[in-house]
Amino acid sequence: MNKHNARKSFKEQIKNLKWSNFIFLTIAGIINAFGVIMFLAPVKLFDGGISGTSMLISQYTPVYISLSMVLVCLNIPIFLFGLKKEGIVFTIYSIYTVVIYSIVAWLITDVLPVDVSFASPLAQEDLFLCAIFGGIISGIGSGLTIRFGGAIDGVDVLAVMFAKKIGLSIGSFTMTYNVILYICCGIVMNSWILPLYSIVTYAAGSKTIDFIVEGFDRNEAAFIITSHADVICQALSEEFENGITVLDAKGYYSGSHKTIIYFVVNHFQVAQMKNIVHQLDPKAYIAINEVADIFSSQIED
């Protein structure tokens, strides 16, 4: 690609930036900073990923090297390193959120009249409450960041770039990184209490991120393999008034014609859907998968 095409491509990508996303990313950075600075940092619990690494480093560096400074110094180079693979839009969104996170963290610790030097202002020294609420709140911030096109932690970029090269999934890479981080925390601190509580933080944060990114109200996608597609489709359509997709199929051993019905219902409708199908075709095969978000568009003929 020549310089002219590269410049054109860059401009086209910049046009994909949405100001509405920046609003939500600002909120995400504020929420993440609130969870970490108000609950985790005061009692020396650790977040996951680069954020947790920054918290560990900031505890053993001079006062003027604050958590905010370490966050920026570690995260931004990683995002820039992953620019080519992740794209300019993702990189801008991510760096922006990290900067907001760092500024708000600095405001809480050094400007606002909030004492976070020795205990959580809200949960005091209760490690379990700090771990749970710190994980949930920071997880909301991280989830919103992902939902609106960025990442608040550089370890996600490292996972995308290096996980497959070392034979790991992205989730396994992130978990391995955090396990190593917490082991290092235990060795450096010569205590395992805080690292173990930090695992609670990581678990609460990870689950919260899943809820924010994939949605609270998940649906179930049913794949129904049957020889009586017409009557089943009619019954399902009348009962649930949902859209139905029908695919032609063929049995491998029998060679007989089959039909695959793709049908989406919510959690509470699964049992009812099974009953209807098996009443009409006792031999029908039903496979159910959980789906997070469903997007549809109305197309006029």
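Procedures and definitions
Every chain is numbered independently, its residues counted from 1 as its sequence is written. Local features in this predicted model are restricted to residues whose pLDDT is 70 or higher, and side-chain atom pairs enter the listing and the counts only when it is 80 or higher, whereas totals over whole chains, interfaces and linings include all residues. The side-chain figures draw on all heavy atoms in the structure; neither hydrogens nor water molecules are used. Definitions used for this entry: grid spacing 1 Å over protein atoms alone; cavity, a set of points where a 1.4 Å probe fits but cannot get out; pocket, an open set with protein on both sides within 12 Å along at least 5 of 7 lines; lining residue, one with an atom within 4 Å of a point. Grid points are joined across faces, edges and corners, and a volume is the space filled by probe spheres set on the points. Runs of H or I in DSSP of at least four residues are treated as helices and runs of E of at least two as strands, each being numbered from the N terminus. Any residue that is not Ala, Val, Leu, Ile, Met, Phe, Trp, Tyr, Cys, Pro, Asp, Glu, Lys or Arg is counted as polar, Gly included; the first ten are nonpolar and the last four charged. Two strands are counted as paired when DSSP detects at least two bridges linking them. Geometry is summarised by axes, namely lines fitted to C-alpha atoms with helices restricted to the contacting stretch, and by angles between N-to-C directions that run from 0 to 180 degrees. Helix span, as expected, comes to 1.5 Å for every residue beyond the first. Think of a polar contact as two N or O atoms within 3.5 Å of one another; within protein, one of them needs to be a possible hydrogen donor and the other a possible acceptor, and neighboring residues in sequence only count if both atoms come from side chains. A residue's pLDDT is the predictor's confidence in that residue, given on a scale from 0 to 100. To define a nonpolar core, start from buried Ala, Val, Leu, Ile, Met, Phe, Trp, Tyr and Cys residues and group those joined through side-chain atoms within 4.5 Å. The rule is simple: take the accessible area with a 1.4 Å probe, protein chains only, and divide by the maximum for that residue type; under 20% is buried, over 50% is exposed, in between is partly exposed. In what follows, residue pairs with any heavy atoms lying within 4.5 Å of each other are defined as contacts.

Colleague: With reference to specific residues and values, describe the layout of surface pockets.
Modeller: Approximately 670 Å³ is the volume found for the largest pocket. If you go around the largest pocket, you meet 32 residues; those closest to its centre are Ser142, Ile146, Asp156, Thr174 and Ile209. Among the elements of the structure, α3 (49-59), α6 (88-111), α7 (127-147), α8 (154-162), α9 (170-189) and α10 (193-214) are those that each provide at least two residues to the lining of the largest pocket. The element that contributes the greatest number of residues to the lining of the largest pocket is α10, accounting for eight residues. Considered class by class, the residues forming the lining of the largest pocket number twelve nonpolar, 15 polar and five charged. Estimates place the volume of the second largest pocket at around 530 Å³. What lines the second largest pocket is a set of 20 residues, among which Ala41, Ser58, Leu67, Thr109 and Val116 lie closest to the centre. The set of elements that each furnish at least two residues to the lining of the second largest pocket consists of α3, α4 (67-81) and α6. By residue class, the composition of the lining of the second largest pocket is eleven nonpolar, six polar and three charged.

Colleague: How would you sum up the sheet that holds strand β2 (residues 244-250)? Please name residues and give values.
Modeller: Pairing in this open sheet of four strands is antiparallel, and the strands run β2-β3-β1-β4 from one edge to the other. The open sheet has two edge strands with one neighbour each: β2 and β4 (285-291). Strand-to-strand, the axes of this sheet are offset by a mean angle of 20 degrees, without reference to chain direction. Two elements, β2 and strand β3 (residues 257-266), share seven bridges in a ladder whose sense is antiparallel.

Colleague: Give me the lowdown on α7, citing residues and values where you can.
Modeller: For α7, spanning 21 residues, the distance from its first C-alpha to its last is 29 Å, which sits close to the expected 30 Å at 1.5 Å a residue. N-cap assignment for α7: the residue whose side-chain oxygen lies 3.1 Å from the backbone N of phenylalanine 128 is aspartate 126. After α7 finishes, the residue glycine 149 shows a positive phi value of roughly 100 degrees.

Colleague: Let's hear about the confidence of the model for the protein: which residues, and what values?
Modeller: Of the residues in the protein, 92% have a pLDDT of 70 or more, and the chain-wide mean is 87. The weakest mean pLDDT in the protein belongs to helix α1 (residues 3-14) at 62; the strongest belongs to helix α2 (residues 19-40) at 95.

Colleague: Talk me through the pairing of β3; I want residue IDs and the actual numbers.
Modeller: Judged from the eight bridges that link them, strand β1 (residues 219-226) and β3 form a sheet pairing that is antiparallel. Its bridge partner being in β3, isoleucine 224 is matched across the sheet by isoleucine 261. Here β2 folds back onto β3, and the loop between the two strands holds six residues, one of which, glycine 255, carries a positive phi near 75 degrees.

Colleague: How would you sum up the nonpolar core? Please name residues and give values.
Modeller: Core analysis: the biggest nonpolar cluster contains 30 residues, and Val36, Ile37, Leu45 and Phe46 have the highest contact counts within it. Where this core is concerned, the elements lending two or more residues are α2, α3, α4, α6, α7 and α9. For this core, the element with the most residues is α2, which contributes six residues. The contact partners of isoleucine 37, leaving out residues within four places of it in the chain, are Pro42, Leu67, Ala105, Ile108, Thr109 and Val116. If you look at the next biggest cluster of nonpolar residues, it comprises 16 residues, including Ile261, Phe263, Val277 and Ala284.

Colleague: Explain the environment of leucine 122 residue by residue, including any values.
Modeller: Looking at the secondary structure, you find leucine 122 in the loop between α6 and α7. Placed 27 residues apart in sequence, leucine 122 and glycine 149 show a C-alpha to C-alpha distance of 31 Å. Contacts of leucine 122, omitting those with residues within four sequence positions, involve Phe34 and Phe39.

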